[in-house]
Amino acid sequence: MLLGTNQSFGRARRARLNVRTTLRFVAALCFACVAVRAFPQQPRAPVLPSTPPFHPNRILVMPRPEVAVDTLREFHTAQQTRVLRTFPRVGYMQVLELPEGDSVPEAVARYQQSGLVEFAEADYRVSAAATLPDDPRFLDGTLWALNNYGQNAGVPDADVDAPEAWDVLHSASNVIVAIVDSGIRYTHEDLVTNLWRHPLDGSAGLNALNGTTNVWDDFGHGTHLAGIIGAAGNNGKGVVGVTWRIQMMACKFLDNRGDGSNSDAVTCIEFARSNGATVINLSWGGNAFSAAVSNTIRAAQSDGILFTAAAGNNARNNDLTPFYPANLALNNLVSVGASTRQDGVWSVSSYGAGSVHLFAPGATIFSTTFSSDSSYGNMNGSSMATAYVSGALALLRQQSPAAPFDELVGRLFSAVDRPPAFAGKCVTGGRLNLLKALDRVSVTAVAEPPLPMQLHLNGVPNHSYVLLASTNLSHWTALATNTAGPEGVWSFTDLQSTNLPQRFYRGIPAP
Ligand code: CA
Ligand code: CA
């Protein structure tokens, strides 16, 4: 049984673009970790956030080169503004704090009219650091699963937080993901660069139906999954996958009606395992338990291979009516149900408090289609949801190539978002969140000069991190490497900080 249904290959309505890309500085704690972030380039949200779009008492100004320092200082005094920070390499640009009760637009206007500055502008708010690709169907908001800001009647943030995650990692170039399905249209414009290639003949996988390497998709299901996992990102075309760069292996065992057999599935899995796949996507299933499939998946544990499996589109409780391979109780297999843009369980998705591990977006999912090299369209199903999890696991595997498979599964499960609809419907009670599943570290300051800086690094428990410091945000030096404790925290006191006018910090996973 195939787990994705063809809904529509029509073009979705194109939303209006808002291409505002104000680069700005986020002023955080004095001397604490500060990031330069781009304002997300994203379509206009139909519901605007209620928070003001700029900092309530800060503005940015750039002095005119010919204006004397004292002249500008006197103007600041008259305006009762205070210089919080100066950027000598950016034309001595300043961050100013306004006096209580002053209005940002009026202060900006006064500085603009003073003739002393090249520009004055509000300190615009950034919602999150975000790495955004230029793919048109991402920018127009069609790909709600990756970034949901409430477009098309969605619930804001009912998504996997892809732009924020891509800030950490957006490509899994070293990872081979096998899609055991109906093949892939390997000439598709948005897939052709992200396919695994056999070192001997350049083929993209195996066709277990006829024993050849021709994996041409004559049904369409596998091509759609491929676009979700790894459509080429930032190539100006079509869509973007969970990963922008990856090696997708096509293992074909479903025919042009979407039917296949367990023996051919096992042949595909063994081919994928022999040729280096570390994540294997199984977006299909049936009600009959197969010891052959179960043993094949279990045997792949010794190579650390992770499997994803669709929970099925029967609106059933899989605890009561098992569905395989999703219901196999193997700790290298993740079972996935389909969620909606409103963060609900998709009406047709199966579920199971003891048998489905998590949900992921699976309703009205837009991806690559098989009818031409530039065709795209919507499909629904736990198949699609499964592909999102495969993409997520590929990024985790890229980031932690040596981690045991159960550690990655554990991170995936503990990272889910838990809106109420998923409680009691799956083991984790939640929906995939890519950002939280990635290994990342944040640095917070808990004491500031004149005391030595005291810093807390928050990361993944028992993972090692490098603390970096910089005085100018361009040259970073490693201060220390250490392992986060069982709570994921590592504390550090920087004794050098008291001698420096300013200091920035960041943490990265240790190599
Ligand atoms: Ca989000
Ligand atoms: Ca693309």
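The structure this text deals with has already been given above.
The shown structure was predicted, so the numbers you read here are calculated from the model rather than taken from an experiment. (Residues numbered from 1 in each chain as written. Chains lettered and ligands numbered in written order. Predicted model: local features only at pLDDT ≥ 70, side-chain atom pairs only at ≥ 80, totals over all residues. Heavy atoms only, no water.)

Trainee: I'd love a proper account of the sheet that holds strand 6 (residues 93-97), names of residues and values included.
Mentor: Pairing is antiparallel across the open sheet formed by 4 strands, whose spatial order is 5-6-4-7. A strand with exactly one partner marks an edge of an open sheet, and here the two such strands are strand 5 (82-87) and strand 7 (117-124). Pairwise comparison of adjacent strand axes, ignoring direction, gives a mean angle of 25° for this sheet. In the sheet, strand 4 (residues 54-63) pairs with strand 6 via 4 bridges, with the strands oriented antiparallel. Within strand 6, the residue paired with Ile 59 across the bridge is Leu 96. Taken strand by strand, helix 1 (residues 69-79) contacts strand 4, strand 5, strand 6 and strand 7, and its axis lies near 15° from that of strand 6. (Pairing = 2+ DSSP bridges. Helix = DSSP H or I, 4+ residues; strand = E, 2+ residues; numbered from the N terminus. Axes fitted to C-alpha atoms, helices over the stretch in contact; angles between N-to-C directions. Contact = heavy atoms within 4.5 Å.)

Trainee: Can you explain the coordination of the calcium ion (ligand 1)? Please cite residues and give values.
Mentor: The coordination sphere of the calcium ion (ligand 1) contains the protein donors Asp 157 (OD), Asp 159 (OD), Asp 159 (OD) and Asp 161 (OD), at a distance range of 2.2 to 2.5 Å. Positions of the donor residues of the calcium ion (ligand 1), expressed as sequence spacing, correspond to D-x1-D-x1-D. (Donors = N, O, S within 2.8 Å, 3.2 Å for Na, K, Ca; no water.)

Trainee: Please set out the sheet that holds strand 19 (residues 464-470) residue by residue, giving values where relevant.
Mentor: Taken in spatial order, the 3 strands of this open sheet run 20-19-22, and their pairing is antiparallel. The sheet is open, and its two edges are formed by strand 20 (477-483) and strand 22 (504-509), each paired on a single side. With direction set aside, neighbouring strand axes in the sheet form an average angle of 25°. When strand 19 meets strand 20, the two strands line up antiparallel, connected through 6 bridges. Bridging from a neighbouring strand, Tyr 465 pairs with Asn 482 of strand 20.

Trainee: Tell me about the state of the cysteines, and name the residues and values.
Mentor: By the definition in use, this model includes 0 disulfides. No disulfide involves Cys 251; its sulfur sits 4.9 Å from the nearest other cysteine sulfur, which is in Cys 268. (Disulfide = S-S within 2.5 Å.)

Trainee: Provide a residue-level description of the coordination of the calcium ion (ligand 2), including the pertinent values.
Mentor: Note on metal geometry: ideal angles are 109.5 degrees for four donors arranged tetrahedrally and 90 or 180 degrees for six donors arranged octahedrally. Protein coordination at the calcium ion (ligand 2): the donors are Asp 135 (OD), Asp 190 (OD), Asp 190 (OD), Ala 232 (O), Asn 235 (OD1), Lys 237 (O) and Val 239 (O), at 2.2 to 2.7 Å from the metal. Of note, the donors binding the calcium ion (ligand 2) are all from one chain and are spaced D-x54-D-x41-A-x2-N-x1-K-x1-V. Residue Asn 235 is classed as partly exposed on the basis of its relative accessible area of 26%. Val 239 gets classed as buried once you look at its relative accessible area, which sits at 1%. (Buried < 20%, exposed > 50% of the residue type's maximum accessible area, 1.4 Å probe, protein only.)

Trainee: So what's going on with the side chain of Asn 327? Which residues, and what values?
Mentor: Here Asn 327 shows up in the loop between strand 12 (306-310) and strand 13 (333-339). For Asn 327, a relative accessible area of 18% gives the class buried. The contact partners of Asn 327, leaving out residues within four places of it in the chain, are Asn 318, Pro 322 and Ser 355.

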